[in-house]
There are 2 protein chains.
Amino acid sequence: MNDEPKRYHHGDLRRTMLDTALAMLTEENGWQFTLRELARRAGVSHTASYKHFPDKAALLAELALIGMDRLRTALLAARPSEAVTLRNQFIEMSRAYVRFGTENPNLYRLMFSADARESASGRLKEHGVAALAVLVDLIEEGQRLGWLRKGEVVEQVGAAWAHLHGVTLLTLDGLLGPDVVGSDRASDAALLVLLEGLEQHK
Amino acid sequence: MNDEPKRYHHGDLRRTMLDTALAMLTEENGWQFTLRELARRAGVSHTASYKHFPDKAALLAELALIGMDRLRTALLAARPSEAVTLRNQFIEMSRAYVRFGTENPNLYRLMFSADARESASGRLKEHGVAALAVLVDLIEEGQRLGWLRKGEVVEQVGAAWAHLHGVTLLTLDGLLGPDVVGSDRASDAALLVLLEGLEQHK
DNA sequence: ACCTGAACACCGTTCAAGT
DNA sequence: ACCTGAACACCGTTCAAGT
């Protein structure tokens with residue numbers, strides 16, 4: 001639709017580069033991100049990015065922040081109506097977390113990469129914490145209602161996050177469960193172990 | 001001690017390159033592995049490695065295999081005498097796993113990197129499974145003695161591995177627990193959640 | 001203010017040639 | 001059989017110059 005002639009000044013090259021980069025991330029899977037390749041796709045000289053990002057790591061960090069925000073959105077969307085039990089809400093949320101990783105492997109890995117972390121300094125952790133708000137809510141409410149055992153919320157959140165992170169990455173690496181490709185059984189089984197560990201047993 | 005004159009033929013360049021690479025891995029932490037840098041350290045031309053490894057990924061894969069073997073050794077060494085309870089053996093083993101990661105961050109990450117996995121094909125998974133033999137033993141014995149709930153061993157092993165993997169990586173990324181640097185409390189708390197999830201509750 | 005082109009210092013990899 | 005040096009096709013980054 002938008003077939004304006006190419007102007008020397010691009011307009012919003014920053015936004016375009018981020019979008020193009022995200023598209024590249026979701027396409028290829030055996031993946032090697034390159035500023036020059038990005039510039040080629042965006043139809044711009046390979047030095048243009050330096051007006052908008054100090055260096056490659058800064059661009060990656062920005063993508064990682066966007067990824068954290070998308071994870072937050074995905075987890076929020078996965079929380080079903082209040083009608084269902086907290087336990088089922090927790091299960092749906094957990095599945096959504098793992099699914100986010102398996103559907104966006106490159107982005108998920110980028111969100112935890114050293115490059116992004118160092119360049120984004122504290123901001124990446126902030127966005128990560130924001131993404132986990134749903135998890136925190138569920139755990140606080142679960143403790144209040146006597147579903148989960150009492151304890152430091154931050155510790156339970158940490159345990160749950162670590163578990164979900166591990167399941168996601170092992171699944172991405174093809175290391176979880178027997179060689180039943182495409183099966184969710186192994187990751188579901190792992191999630192149940194997590195649940196048992198958090199739940200109150202009378 | 002060994003001050004033989006430099007021969008044109010190195011002797012065991014393959015071994016030397018692997019050792020030098022492992023040394024580089026443990027030294028630097030904000031780390032960027034380079035074949036040319038490796039060659040410089042080994043005092044050899046930057047093309048010499050191609051006689052011993054088809055490409056960079058193959059060398060990395062070899063290092064990853066060595067890492068898996070070292071993890072196996074670390075876990076075996078951490079299994080204390082038969083006198084202590086299975087539960088304590090499990091805790092010690094878990095701590096040893098996380099400690100291996102925090103003490104060898106670059107090597108641990110390499111063990112799960114895409115480069116290494118693709119180049120090593122099945123062998124990396126094999127060595128990984130071998131490394132987890134201690135975990136499998138503990139879980140099988142735990143089920144037999146009624147300490148752990150009955151269930152598919154492979155599923156419980158997967159859940160435990162994912163949990164340990166996640167705790168290790170979040171710890172390496174500085175994302176686990178409050179900002180109590182150097183504290184093991186967050187990862188210990190997470191391990192207890194895992195234990196609760198696996199244990200039999202009467 | 002935003003973008004380009006040439007230039008620099010690096011890579012991984014190949015290949016003919018040396019020992 | 002093992003190692004080297006020149007060469008090639010790539011990077012990320014800088015900087016003077018263009019619009």
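The structure presented is a predicted model; accordingly, all values stated were derived computationally and were not measured. (Residues numbered from 1 in each chain as written. Chains lettered and ligands numbered in written order. Predicted model: local features only at pLDDT ≥ 70, side-chain atom pairs only at ≥ 80, totals over all residues. Heavy atoms only, no water.)

## Overview of the domain arrangement of chain A
Accessible area lost during the coming together of the parts is what is often quoted as the interface size. Residues and elements named next belong to chain A. Here the domain parsing of chain A yields domain 1 (1-54) and domain 2 (56-198). Each of domain 1 and domain 2 has a C-alpha centre, and the two are 30 Å apart. Each partner contributes to the interface: domain 1 provides 14 residues, whereas domain 2 provides twelve residues. Contact between domain 1 and domain 2 buries roughly 1,300 Å² in total, counting both sides, with carbon and sulfur atoms accounting for 75%. (Domains from an automatic or database assignment. Contact = heavy atoms within 4.5 Å. Buried area = accessible area lost by both parts, 1.4 Å probe.)

## Concerning the relation of the copies chain B and chain A
Once chain B is rotated about the relating axis by 180 degrees and shifted along it by 0.0 Å, it coincides with chain A to within an RMSD of 0.0 Å. Considering both components of the superposition, the chain copies are consistent with a two-fold axis. Comparing interface residues between copies, 100% of those in chain B also sit at the interface in chain A, which points to an isologous, same-surface contact. (Least-squares fit on C-alpha atoms with pLDDT ≥ 70 in both.)

## What to know about the packing of aromatic side chains
Residue and element names in this part refer to chain A. Applying the stated rule across the entire model yields eight aromatic pairs over all chains. Ring centres of Phe90 and Trp147 lie 6.0 Å apart, and the angle between their planes is 70 degrees; on these two criteria the pair is classed as edge-to-face. Taken together, the residues span a long stretch of sequence, with Phe90 in helix α4 (residues 86-103) and Trp147 in the loop between α8 (133-144) and α9 (153-172) at a distance of 57 residues. Per residue, the accessibility class of Phe90 equals that of Trp147, and both read buried. Three or more aromatic residues link up through ring pairs in this structure, and these residues are Tyr97, Tyr108, Phe112 and Trp161. (Phe/Tyr/Trp six-rings, centres within 6.5 Å; stacked < 30°, edge-to-face > 60°. Helix = DSSP H or I, 4+ residues; strand = E, 2+ residues; numbered from the N terminus. Buried < 20%, exposed > 50% of the residue type's maximum accessible area, 1.4 Å probe, protein only.)

## Brief notes about the interface of chain B and chain A
If you look at the interface, chain B gives 30 residues, while chain A gives 30 residues. With both chains or domains summed, chain B and chain A bury close to 2,800 Å², and 69% of this area falls on carbon and sulfur atoms. Considering only the surface of chain B that becomes buried against chain A, Lys125, Leu175 and Val193 of chain B emerge as the three largest contributors, covering 19% of it. Put simply, chain B and chain A have seven residue pairs in polar contact (both at pLDDT 80 or more) between them. Within the residue set of the side of chain B that touches chain A, elements represented by two or more residues are α9 (153-172) and α10 (185-198) of chain B. Among the elements that line the side of chain B that touches chain A, the one with the most residues is α9 of chain B, at eleven residues. Tallied by class, residues from the side of chain B that touches chain A come to 14 nonpolar, eight polar and eight charged. (Polar contact = N/O pair within 3.5 Å; in protein donor to acceptor, adjacent residues only side chain to side chain. Nonpolar A, V, L, I, M, F, W, Y, C, P; charged D, E, K, R; others polar.)

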